[in-house]
Amino acid sequence: MVEPLLVVSGLAARIGRVPILAGVDLAVPARGIVALLGRNGVGKTTTLRTIMGVVEATAGSIRFADQDITRLQAHLRPGLGIGYVPQGRGIFPLLTVRENLYLGLRGPADPAIETHVFERFPRLAERLDQKAGTMSGGEQQMLAIARALMMRPRLLILDEPTEGVMPRLVNDIRREIAAIAASGIAVLLVEQNLRTALRLARHVVIMERGHTAFAGPPESLRADPDLAHRLLGVGAPT
Ligand SMILES: Nc1ncnc2c1ncn2[C@@H]1O[C@H](COP(=O)(O)OP(=O)(O)OP(=O)(O)O)[C@@H](O)[C@H]1O
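All of these numbers come straight from a predicted model, not from anything done at the bench.

Chemist: Would you take a moment to explain the sheet that holds strand β4 (residues 57–64) for this structure?
Modeler: Hydrogen bonds between backbone atoms are what pair the strands of a sheet, whose relative direction is either parallel or antiparallel. The strand order β2-β1-β4-β5 describes an open sheet built from four strands, whose pairing is antiparallel. A single partner strand is all that each edge strand has here, and the edge strands are β2 (18–28) and β5 (67–68). As judged from the two bridges shared by β4 and β5, these two strands associate in the antiparallel manner. Across the sheet, residue phenylalanine 64 finds its bridge partner in β5, namely glutamine 67. Along the sheet, helix α1 (residues 44–51) contacts β1 (6–15), β2 and β4; its crossing angle with β1, the most-contacted strand, is approximately 110°.

Following this line, the structure appears as structure tokens:
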């Protein structure tokens, strides 16, 4: 059997002295979207930050593309093909759109990727010399996703990409995420909206107080409304 692209097993982490994660298990196949859900504060963001190496794993393992990266330095992880769009986007507001886009690249951009990114996000191509901080939240989110795509990731990790985005752009962003996944990039998505997550994802992982409480296809969650209610505090998913 082919190993999934990302495999997180028994992951534990602390912030300061406080244990935040204890027993996170999740797997992301090479194709499709995996949604990571859970109530506020259960540790979703900390899980993503630990995968990126910004938070140190105190136990468990992280494997990416058949390689153990649990102890790999954080700055080397994007180069393996892991794109990360953090919660709050991580855009540099005083730099231009162009400067933000090329920030992470070591050498010149691949023209094919540039074309692909600008076709996907034409608004950015029109605003290359604009200061990123003057764009709307949704446009900044698109910039953050575009910046991650410039590095040709095999896996794109998105932390609540529609948070703080005006409703008009929320659907655009969701459509782009689906299109990115359809283009063959694996996606790990933290998403607050259960319906959206179930619609987009092929696989759902739900966390509860620092560990994985459920992992399965969206259908299992739809078939068990009590589970969704218990773990997410929401009504039956449709
Ligand atoms: N810098 C920090 N210092 C202390 N505690 C923190 C820090 N960052 C996160 N925590 C705590 O760690 C726990 C997990 O936080 P995390 O942001 O990973 O959760 P989350 O599931 O992503 O929540 P949300 O949906 O609110 O973003 C929370 O209880 C939070 O209060």
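The structure having been displayed, the exposition proceeds.
Chemist: Would you mind going over the nonpolar core with me for this structure?
Modeler: Across soluble globular proteins, nonpolar side chains show a tendency to be buried alongside one another. In this structure, Ala35, Leu36, Ala146, Ile157, Val187 and Leu189 are the most contacted members of the largest nonpolar core, which totals 65 residues. Per-element accounting of this core gives the leading share, seven residues, to helix α6 (residues 137–149). The contacts of leucine 36, once residues within four sequence positions are left out, are Leu26, Lys44, Thr47, Leu188, Leu189, Val190, Val205 and Met207.

Chemist: What am I meant to see in the environment of glutamine 130 here?
Modeler: Mapped onto the elements, glutamine 130 comes out in the loop between α5 (122–126) and α6. Placed 34 residues apart in sequence, glutamine 130 and threonine 96 show a C-alpha to C-alpha distance of 5.2 Å. With residues up to four places along the chain from it excluded, the contact list for glutamine 130 reads Thr96, Val97 and Met135.

Chemist: Would you mind going over the sheet that holds strand β9 (residues 203–208) with me for this structure?
Modeler: With mixed pairing, six strands are arranged side by side in an open sheet as β6-β7-β8-β3-β9-β10. At either margin of the open sheet sits one strand with a lone partner, and together these are β6 (82–85) and β10 (211–216). Geometrically, the sheet is characterised by an average inter-axis angle of 15° between neighbouring strands, direction not taken into account. One ladder, built from four bridges, connects strand β3 (residues 33–37) with strand β8 (residues 186–190); its direction is parallel. Across the sheet, the residue bridging to alanine 35 is leucine 189, located in β8. Across the sheet, α1 is in contact with β3, β7 (155–159), β8 and β9; its angle to β7 comes to roughly 145°.

Chemist: Got a minute to help me understand the packing of α6 against helix α7 (residues 167–182) in this structure?
Modeler: The description of two packed helices rests on the angle between their axes and on the distance between the axes. The N-to-C vectors of α6 and α7 enclose an angle of 15°; their axes lie 10 Å apart at closest approach. Classified by the interaxial angle, the pair formed by α6 and α7 is roughly parallel. Considering how the two elements wind past one another, α6 and α7 form a crossing that is right-handed. For the pair formed by α6 and α7, the contact residues are Gly138, Gln141, Met142 and Ile145 on the first element and Leu169, Ile173 and Glu176 on the second. Here the residues of the contact of α6 with α7 are counted per class, giving four nonpolar, two polar and one charged.

Chemist: Looking at this model, I keep getting lost on the pairing of β4. Mind explaining?
Modeler: Note that β1 and β4 share six bridges and pair antiparallel. If you follow valine 7 over to β4, its bridge partner there is arginine 63. Hairpin connection of β4 to β5: two residues between the antiparallel strands, including alanine 65 at a positive phi of 50°.

Calculation rules
- Residues numbered from 1 in each chain as written.
- Predicted model: local features only at pLDDT ≥ 70, side-chain atom pairs only at ≥ 80, totals over all residues.
- Pairing = 2+ DSSP bridges.
- Helix = DSSP H or I, 4+ residues; strand = E, 2+ residues; numbered from the N terminus.
- Contact = placed C-beta atoms within 7 Å.
- Axes fitted to C-alpha atoms, helices over the stretch in contact; angles between N-to-C directions.
- Core = buried A, V, L, I, M, F, W, Y, C linked by C-beta atoms within 7 Å.
- Buried ≥ 20, exposed ≤ 12 C-beta atoms within 10 Å, placed from the backbone.
- Parallel < 35°, antiparallel > 145°, perpendicular 65-115°, else oblique.
- Left-handed = near helix turned anticlockwise from the far one by under 90°.
- Nonpolar A, V, L, I, M, F, W, Y, C, P; charged D, E, K, R; others polar.

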